[in-house]
Amino acid sequence: MNAPPLFNLAETVVKWVDVGIFVLNKNFEVQLWNNFMAHHSGRLAEEVVGKSLFEAFPDLPKPWFTKKVNSVFLLNNFAFISWEHRPYLFRFAHNRPITGGADHMYQNCMLLPLKAEHGKAEAVCVVVFDATDTAIAQNLLKEALETISEISNRDGLTGIYNRRYLENRLSSEFDRARRYGGTFSMILFDLDHFKKVNDTYGHLAGDKVLVEITRRVKEKLRSSDVIGRYGGEEFVLILPQTPLDGAHQFGERLRQMIAAEPVIFNDISIPVTISMGATEYRADMPGYAALTHQSDVALYVSKGAGRNRMTCYAPELEAADAKP
Amino acid sequence: MNPSMLTTDQRDALQELTNIAMGQAGASLATLLDEFVDLSVPRIRIVEVADLPAALAELVGKNNLVSAARQSFYGHLRGEAIVIFGEPGCQALADLMGFEGDLGEQGETELLLDVANVLCGACLGGMMEQIRNFTDTGGPAELSFSMPSLMARQVTAGQLIDSKRVQWSHALLLEVNFTIKNRDFIAHLTMLMPEEGIDKIRAIVDEFLEAF
Amino acid sequence: MSLPILVVDDSAMARKMLIKSLPPEWDVEISQAGNGKEAMEAYRAGKAAVMFLDLTMPEMDGFQVLEALRQEDLNSMVIVVSADIQPVAQERAMAMGAIAFVKKPVSPDMLNSVLKQYGVI
């Protein structure tokens with residue numbers, strides 16, 4: 001015959017296992033509270049068991065957690081809580097105060113219905129997992145990926161978006177407008193006679209002009225507007241929620257502002273003007289490439305007409321074949 | 001036996017098994033959302049993994065944008081459940097669940113995962129209950145579930161699974177869908193099981209067939 | 001004379017389960033239908049004094065059958081047998097003329113008590 005056990009196995013495991021375990025009845029009174037919960041919360045089982053969870057922990061997100069637990073009772077089905085949506089249920093310190101870079105424990109939780117004989121949940125067991133290591137690793141990875149994608153989307157000289165990003169953004173703005181309605185405009189602009197600036201004052205001067213013009217334009221943008229360098233001395237503006245006449249006024253202001261003040265490089269004053277072409281999204285466009293084409297047509301009209309001006313696209317411009 | 005084969009009887013029995021299980025999932029969803037949920041007739045296919053993206057696209061509609069959540073189950077049966085939500089329904093869901101105002105992306109994702117979890121749990125739970133009641137194949141018919149996670153938002157169904165990364169050669173695809181009239185809400189519950197799971201299901205179904 | 005009863009379900013397995021769950025002493029002549037259309041044909045041929053009707057079926061579902069029966073004076077006692085266990089589905093079926101609602105999976109006990117309750121046996 002086996003000797004009687006020295007201790008209750010299951011009870012001891014639940015008490016010492018390195019995950020949080022507690023049980024709630026339908027009134028949200030704590031029925032069980034293991035050591036993980038006690039040690040992290042600083043509240044011993046004796047203090048908590050029999051009490052309402054929300055009275056013992058007034059900082060818990062009560063309405064939301066109540067809803068979650070009640071759905072387990074109602075549907076007789078388990079439920080989960082992920083740190084990715086809610087970093088934690090209980091605000092516990094975590095075990096990596098030195099190396100963690102986080103000021104609290106990230107938690108995953110699992111809610112299990114504890115069913116009585118008749119099959120209906122009478123209590124809910126909540127299991128709390130420390131997900132801090134995973135969360136830290138994932139956050140680092142996410143930051144790294146964001147940095148990579150940020151770098152690959154930026155123009156090295158000016159720091160604004162590059163052509164790759166602009167193409168993607170135009171495509172997604174186009175899809176958005178097509179699906180949800182609304183409009184947006186695109187402006188393409190060129191620095192006039194930029195080659196001459198490089199030839200006359202050197203490439204450093206040319207770079208300074210590009211950076212300075214970028215800075216001036218950026219100052220005038222709304223937060224939702226997008227500026228990018230399409231290549232060489234060619235720039236693109238994407239103006240969400242902006243019809244063509246709005247883009248026209250805005251572009252005209254930019255043009256005048258730039259022409260009004262030369263760029264200073266090593267005490268040399270370099271006059272700069274820009275030529276612009278604009279168009280707006282229309283529901284009958286076959287694809288976003290139509291926008292680039294139309295603003296390009298308009299830009300060439302501006303150039304053909306003597307530069308330092310703004311042209312809005314119209315179908316007649318195509319027929320005139322204004323390209324020089 | 002060729003893994004791609006199910007006899008007519010096996011298919012029929014599995015369909016009924018699924019039908020009963022999804023009835024429970026539908027009832028859970030109805031309770032959760034407090035709306036009447038229309039249930040579809042279950043569809044069952046064994047597909048080669050290479051054809052999986054196309055098969056999903058066919059079930060859900062090729063050009064429709066969807067969001068999807070996945071959850072693993074293991075124990076008596078092993079596989080992955082994928083719940084695919086039609087895009088307009090994602091917006092209706094917050095409304096249906098009684099959340100007011102803008103939930104934000106995190107809140108919306110949490111909601112999708114909750115609903116996916118309820119559907120998977122109820123449907124597979126219902127299946128296990130029948131297996132317990134009518135068969136005695138291979139040990140206690142119980143399942144554990146992993147935490148659900150988001151697969152994708154706003155993609156076409158064909159983009160959900162990269163078949164090159166699936167380790168199986170064949171998969172059993174069970175699909176049921178839940179719709180709510182006037183709400184533009186549709187959720188497809190698909191359960192995917194690898195070859196070994198197909199053998200097990202076949203054994204269960206045979207036992208089921210013998211019982212009647 | 002045996003009572004003509006009709007078992008309507010798209011699943012052969014479900015029909016078999018139901019037929020096996022009928023009281024053995026009940027003197028009936030059993031016909032089967034795999035969808036709503038077949039069910040209506042059998043009904044018109046007088047084979048359905050009692051009809052066991054599934055709700056989720058392709059072609060013509062159980063609700064559509066109930067609707068069609070209502071338009072043809074409902075000369076049959078319809079017992080809905082369904083996996084759709086939402087209370088609303090039950091209420092809707094009863095409102096459309098079903099006399100009882102039985103949840104799947106059916107068991108002999110459950111069926112027996114329903115049949116007794118409505119005086120069918």
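Residues numbered from 1 in each chain as written. Chains lettered and ligands numbered in written order. Predicted model: local features only at pLDDT ≥ 70, side-chain atom pairs only at ≥ 80, totals over all residues.

> Let's hear about the overall build of chain A: which residues, and what values?
For chain A, the count of helices and strands is 12 helices and 12 strands. In terms of overall size, chain A is more extended than a compact globule, its C-alpha atoms giving a radius of gyration of 32 Å where 324 residues would be expected to give roughly 20 Å. Oriented by its inertia axes, the alpha-carbon framework of chain A measures out at about 105 × 45 × 40 Å. Looking at chain A residue by residue over its 324 residues, the buried ones come to 32%. If you take every contact in chain A between residues at least 6 apart in sequence, the share linking residues at least 24 apart comes to 56%. (Helix = DSSP H or I, 4+ residues; strand = E, 2+ residues; numbered from the N terminus. Rg over C-alpha atoms; globule rule 2.2 N^0.38 Å. Buried ≥ 20, exposed ≤ 12 C-beta atoms within 10 Å, placed from the backbone. Contact = placed C-beta atoms within 7 Å.)

> Go over the sheet that holds strand β5 (residues 121-130) of chain A with me, naming the residues and quoting the values.
Each strand in a sheet pairs with its neighbour through backbone hydrogen bonds, running either in the same direction (parallel) or in the opposite one (antiparallel). Residues and elements named next belong to chain A. An order of β2-β1-β5-β4-β3 is seen for the five strands of this open sheet, with the pairing classed as antiparallel. Looking at the sheet topology across the chains shown, the edges are occupied by β2 (30-33) and β3 (79-81). Neighbouring strand axes in the sheet, compared pairwise and without regard to direction, differ in orientation by 20 degrees on average. As defined by bridge partners, β3 adjoins strand β4 (residues 107-115) across three bridges and the pair is classed as antiparallel. By the bridge assignment for β4, A79 is matched with L111. Across the sheet, helix α5 (residues 62-75) lies against β1 (20-25), β3, β4 and β5, angled at about 130 degrees from β5, the strand it touches most. (Pairing = 2+ DSSP bridges. Axes fitted to C-alpha atoms, helices over the stretch in contact; angles between N-to-C directions.)

> Lay out the interface of chain C and chain B in plain terms, naming residues and giving numbers.
Accessible area lost on assembly of the parts is the figure often given for the size of an interface. At the junction of the two partners, chain C supplies 18 residues and chain B supplies 19 residues. With six residues, helix α1 (residues 12-21) of chain C is the single largest residue contributor to the side of chain C that touches chain B. Across the side of chain C that touches chain B, the residue classes tally to 10 nonpolar, three polar and five charged. (Nonpolar A, V, L, I, M, F, W, Y, C, P; charged D, E, K, R; others polar.)

> Outline unusual backbone geometry, listing residues and values.
Backbone torsion omega between K104(C) and P105(C) reads -5 degrees, so that peptide bond is classified as cis. One can find P105(C) in the loop between β5 (100-103) and α5 (108-117). Phi is positive for F28(A), close to 65 degrees, though the residue is something other than glycine. Here F28(A) is to be found in the loop between β1 and β2. Classification of F28(A) by C-beta neighbours within 10 Å gives partly exposed; the count is 18. Of note, the phi angle at D34(B) is positive, near 55 degrees, even though the residue is not glycine. Within the secondary structure, D34(B) sits in the loop between α1 (8-33) and β1 (38-39). According to the C-beta neighbour criterion, D34(B) is exposed, with 9 such atoms within 10 Å.

> Would you mind going over the nonpolar core in detail, with residue names and values included?
V83(B), L119(B), C123(B) and V80(C) are the most contacted members of the largest nonpolar core, which has 131 residues in total. Filtering out sequence-adjacent residues up to four positions away, V80(C) remains in contact with L53(C), L55(C), G62(C), A93(C), A98(C), F101(C) and V102(C). Counting 42 residues, the second-largest nonpolar core is a separate cluster that includes A247(A), V272(A), Y300(A) and C312(A). (Core = buried A, V, L, I, M, F, W, Y, C linked by C-beta atoms within 7 Å.)

> Describe the packing of α1(B) against α1(C), with residues and values.
Relative to each other, α1(B) and α1(C) sit at 75 degrees, their axes nearing to 7 Å. Considering the angle they form, α1(B) stands roughly perpendicular to α1(C). On the side of α1(B), the interface is formed by D12(B), A13(B) and E16(B), while α1(C) contributes A12(C), M13(C) and A14(C). Taken together, the residues that form the contact of α1(B) with α1(C) break down as four nonpolar, no polar and two charged. (Parallel < 35°, antiparallel > 145°, perpendicular 65-115°, else oblique.)

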